[in-house]
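Residues per chain are reported as follows:
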Amino acid sequence: MTLQHQLASGTENPALGFVSSIRALYAAVKAGREEEKEEGGAMAAVLLPGNLQDEATCSVCLEYFKDPVSIQCGHNFCRACITKSWKSLEVDFPCPQCREVFKEKSFRPNRQLANMSEIISQFILHGGRGLEDDRICEKHKEALKLYCKDDQKTICVVCDRSRDHRPHAVVPVEEAAQEYKEQIQTRLDFLKKERQELLEFKTQDDKKSQELLKTIETERQKVLSEFEGLRQFLHDQEQVLLGQLDKMEKGIVKRQNENITELSKEISLLNKFIADLEDKNQEPLLDFLKDVTAIIARSDKVKCQKPVPVSSDMKGHVSNFTLKTVSLKEVLKKFKDHLRDELGKGEKGTELIACVKRLLQINPEDADGCLKTPALGPCICAPREQQAIPFV
């Protein structure tokens, strides 16, 4: 089981082995530095064991882990690397290392591995130097107990007496630290105050934003409701007009059928008399003269009655309805223009809703009132008593 698998599964404590490796490595480095002092040469580069570096390296970017996370198979990757690798996927998320496929995008932080990677990278960066080396003057091998304000660095007592620092302002490190801590604390207090003000501003702004969003949603529901009512109103009026057309159409067909029936009877009667007269006209002379006067008398009594023409009876109704369609076109055009103007104003959206409400308040039985005005007033939904020029 590799160190990454141990960190992911938790079955062992890889940190113990890692710390032992670091301690052994540090001892080796320290021994090498003592040997370096005796030889007077430069310290050789510190090399970590290959497997230890591999365990701290991301297999995707080949760099030391940055914010490592563990996935379900136990392998570890930088959060940015695994996120980028799975970015375009919606299902079936494969492990970049072992290619095992998972149904869900799931990973969790691996803090132990993050700490170990940081230690290794810092160890290599500083060439294996221990923390205690940072507290010793490299030149005089004395403890760094003083702080030079001019050069802004810690020095030892021998440095303080040297020519380089003799004219400088030098104070104990504790005093310098206390002074800078006070400055930092002042800045901290100021920045915390600024942060608090920003947090309060954010809270208030978020609250007001939510109120505005709530208002917007309320207005959206109002608009949807009003337009749904308007659509229903227009649908009802459409059905009224289509019903009137259907009624006229049925009336015309019925009248046409009645006229055809009457005309058929008249034509049949005429056909009979015509046939009788033609037959009489073909008879021999003596037979022809026997009852010729009676046949002539019967034919004189035939009077054909023409029915009322369908066109003259229904033309008036159709013409009146044509005026309705003209008025409808004008009303809808004015309505669309008025609606467009109101929507364009932006700040007067409530006037639009009020206008639509007035339109919807017209009774369905009286709905054609808005269609009975060829020339409309300022509002397309003016009260019916203000409209003129009615027609059937």
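Above this text is the structure in question.
Residue positions are given per chain, counted from 1 along the sequence in the order it is written. Confidence filtering applies because this is a predicted model: local features only for residues at pLDDT of at least 70, side-chain atom pairs given and counted only at 80 or more, and all residues used for totals across whole chains, interfaces and linings. Side-chain metrics rest on all non-hydrogen atoms present in the structure, leaving aside hydrogens and water.

Visitor: Help me understand the state of the cysteines, please; the structure alone is not making it clear to me.
Guide: Each disulfide consists of one covalent bond between the sulfur atoms belonging to two cysteines. When two cysteine sulfur atoms lie within 2.5 Å, the pair is treated as a disulfide. Here the structure, examined in full by the defined rule, presents 0 disulfides. No disulfide involves Cys 95; its sulfur sits 3.5 Å from that of Cys 73, the nearest cysteine. With no disulfide of its own, Cys 137 has Cys 159 as its nearest cysteine by sulfur position, at a separation of 3.8 Å.

Visitor: What am I meant to see in the packing of aromatic side chains here?
Guide: Pairs of aromatic rings are described using the distance from one ring centre to the other and the angle between the two planes. Between 30 and 60 degrees the pair is tilted, below 30 it is stacked and above 60 it is edge-to-face, where a pair is any two Phe, Tyr or Trp rings, Trp via its six-membered ring, whose centres lie within 6.5 Å. Taken as a whole and assessed by the stated rule, the structure comprises 3 aromatic pairs. Centroid distance Trp 86 to Phe 107: 6.4 Å. Interplanar angle 40°. Geometry classified as tilted. Taken as a pair, Trp 86 in the loop between helix H4 (79–85) and strand S3 (93–94) and Phe 107 in strand S5 (residues 107–109) lie far apart in primary sequence, 21 residues in all. Trp 86 gets classed as buried once you look at its relative accessible area, which sits at 1%. Only protein chains enter the accessibility calculation, which uses a 1.4 Å probe; a residue is then buried when its area is under 20% of its type maximum, exposed when over 50%, and partly exposed in between. Given the relative accessible area of 26%, Phe 107 is considered partly exposed. Summarising the aromatic geometry, the rings of Tyr 147 and Tyr 180 are spaced 5.7 Å apart at their centres and angled 80° between planes, so their arrangement reads as edge-to-face. With Tyr 147 in strand S6 (residues 146–148) and Tyr 180 in helix H7 (residues 173–281), the pair connects residues that are 33 residues apart, well separated along the chain. Classification of Tyr 147 as buried rests on a relative accessible area of 13%. In textbook terms, an aromatic cluster arises when at least three aromatic residues are bridged by ring pairs, as seen for Trp 86, Phe 93 and Phe 107. If you follow Lys 272 out to its NZ or CZ, it ends over the ring of Phe 273, 6.0 Å from the centre. Only DSSP runs of H or I reaching four residues or more are called helices, and only runs of E reaching two or more are called strands; each is numbered from the N terminus. Counted as over-ring charges are cases with an Arg CZ or a Lys NZ within 6 Å of the ring centre that also lie within 35 degrees of the ring normal.

Visitor: Explain the nonpolar core to me, please; I cannot follow it from the model alone.
Guide: Buried together is how nonpolar side chains tend to be arranged in soluble globular proteins. Nonpolar core, defined: a set of buried Ala, Val, Leu, Ile, Met, Phe, Trp, Tyr and Cys residues in which side-chain atoms within 4.5 Å join the residues together. Formed by 14 residues in total, the largest nonpolar core has its most connected members in Cys 58, Ile 71, Phe 77, Ile 82 and Cys 95. Of all the secondary-structure elements, those providing two or more residues to this core are strand S1 (68–71), strand S2 (76–78) and H4. Residue contacts are defined here by distance: any two heavy atoms, one from each residue, within 4.5 Å place the two residues in contact. Ignoring any residue separated from it by four or fewer positions in sequence, one finds Cys 58 in contact with Glu 63, Phe 65, Phe 77, Cys 78 and Cys 81. By size, the runner-up hydrophobic cluster in this structure holds 6 residues, among which are Cys 137, Leu 146, Cys 148 and Cys 156.

Visitor: Any chance you could explain unusual backbone geometry here in plain terms?
Guide: Outside of glycine, negative phi angles account for most residues, and trans bonds account for most peptide bonds. Located in the positive-phi region is Asp 92, a residue other than glycine, with phi close to 55°. By the element assignment, Asp 92 lies in the loop between H4 and S3. Its identity as a non-glycine residue notwithstanding, Gln 152 has a phi of 55°, on the positive side. Within the secondary structure, Gln 152 is located in the loop between S6 and strand S7 (153–155).

Visitor: Would you mind going over H7 with me for this structure?
Guide: Two residues of an α-helix separated by three or four positions point the same way, owing to the 3.6 residues in each turn. The end-to-end C-alpha distance of H7 is 152 Å, a good match for the 162 Å that 109 residues give at a rise of 1.5 Å each. The complete set of buried residues in H7 reads Ala 176, Glu 226, Leu 230, Phe 233, Gln 237, Leu 241, Met 248, Asn 259, Phe 273 and Lys 280. By definition here, a helix of n residues has an expected span of 1.5 Å times n minus one.

Visitor: Which parts of the structure should I look at to understand the environment of Glu 283?
Guide: Turning to its location among the elements, Glu 283 is positioned in the loop between H7 and helix H8 (285–290). Here a polar contact means two N or O atoms within 3.5 Å. Within protein one must be a hydrogen donor candidate and the other an acceptor candidate, and residues neighboring in sequence count only if both atoms are side-chain atoms. At 2.9 Å, the side chain of Glu 283 and the side chain of Lys 280 are in polar contact.

Visitor: How should I be thinking about the sheet that holds S5 in this particular structure?
Guide: For sheets, the rule is that strands pair by backbone hydrogen bonds, running either parallel or antiparallel. One bridge is not enough; two strands pair if DSSP finds at least two bridges between them. An order of S2-S1-S5 is seen for the 3 strands of this open sheet, with the pairing classed as antiparallel. In this open sheet, the two strands that pair with only one neighbour each are S2 and S5. Averaged over all pairs of adjacent strands, the angle between their axes in this sheet comes to 40°, without regard to strand direction. Axis lines are fitted to C-alpha atoms, over the contacting stretch for helices. Their N-to-C directions set the angle, which ranges from 0 to 180 degrees.

Visitor: I would appreciate a short explanation of the pattern of salt bridges in the present structure.
Guide: Any two side chains of opposite charge can pair, so long as their charged atoms come close to each other. Here, a salt bridge means any side-chain nitrogen of Lys or Arg that lies within 4 Å of a carboxyl oxygen of Asp or Glu. Inspection of the entire model under this criterion finds 13 salt bridges. The salt bridge involving Lys 103 is made with Asp 92; its shortest N-O contact spans 3.5 Å. Placement of Lys 103 in the loop between strand S4 (101–102) and S5 and of Asp 92 in the loop between H4 and S3 is noted, with a sequence separation of 11 residues between them. Between Asp 337 and Arg 340 there is a salt bridge, and its shortest N-O distance comes to 3.0 Å. In this pair, Asp 337 and Arg 340 are both assigned in helix H10 (residues 310–345), 3 residues apart and thus about one turn of the helix distant. Asp 337 sits in the partly exposed class, given a relative accessible area of 29%. Here the salt bridges share partners, and the residues they tie into one network are Lys 280, Glu 283 and Asp 291.

Visitor: Sorry, what's going on with the packing of H7 against H10 here?
Guide: Two packed helices can be described by the angle between their axes and the distance between those axes. Viewed as axis vectors pointing N to C, H7 and H10 meet at an angle of 165°, and their least axial separation amounts to 11 Å. When the interaxial angle is binned, H7 and H10 end up roughly antiparallel. The element H7 and its partner H10 pack so that their crossing is left-handed. Contacts from Phe 227, Leu 230, Leu 234, Leu 241, Gln 244, Leu 245, Met 248, Ile 252, Arg 255, Gln 256 and Asn 259 in H7 reach Val 310, Asp 313, Met 314, His 317, Val 318, Phe 321, Lys 324, Leu 328, Leu 332, Phe 335 and Leu 339 in H10. When its residues are assigned to classes, the contact of H7 with H10 shows 15 nonpolar, 4 polar and 3 charged. Here is the rule for angles: anything less than 35 degrees is roughly parallel, anything more than 145 is roughly antiparallel, 65 through 115 is roughly perpendicular, and the remaining ranges are oblique. Here a crossing is called left-handed whenever its near helix is offset anticlockwise from the far helix by less than a right angle, and right-handed whenever the offset is clockwise. All residues other than Ala, Val, Leu, Ile, Met, Phe, Trp, Tyr, Cys, Pro, Asp, Glu, Lys and Arg, Gly among them, are scored as polar; the first ten of these are nonpolar and the last four charged.

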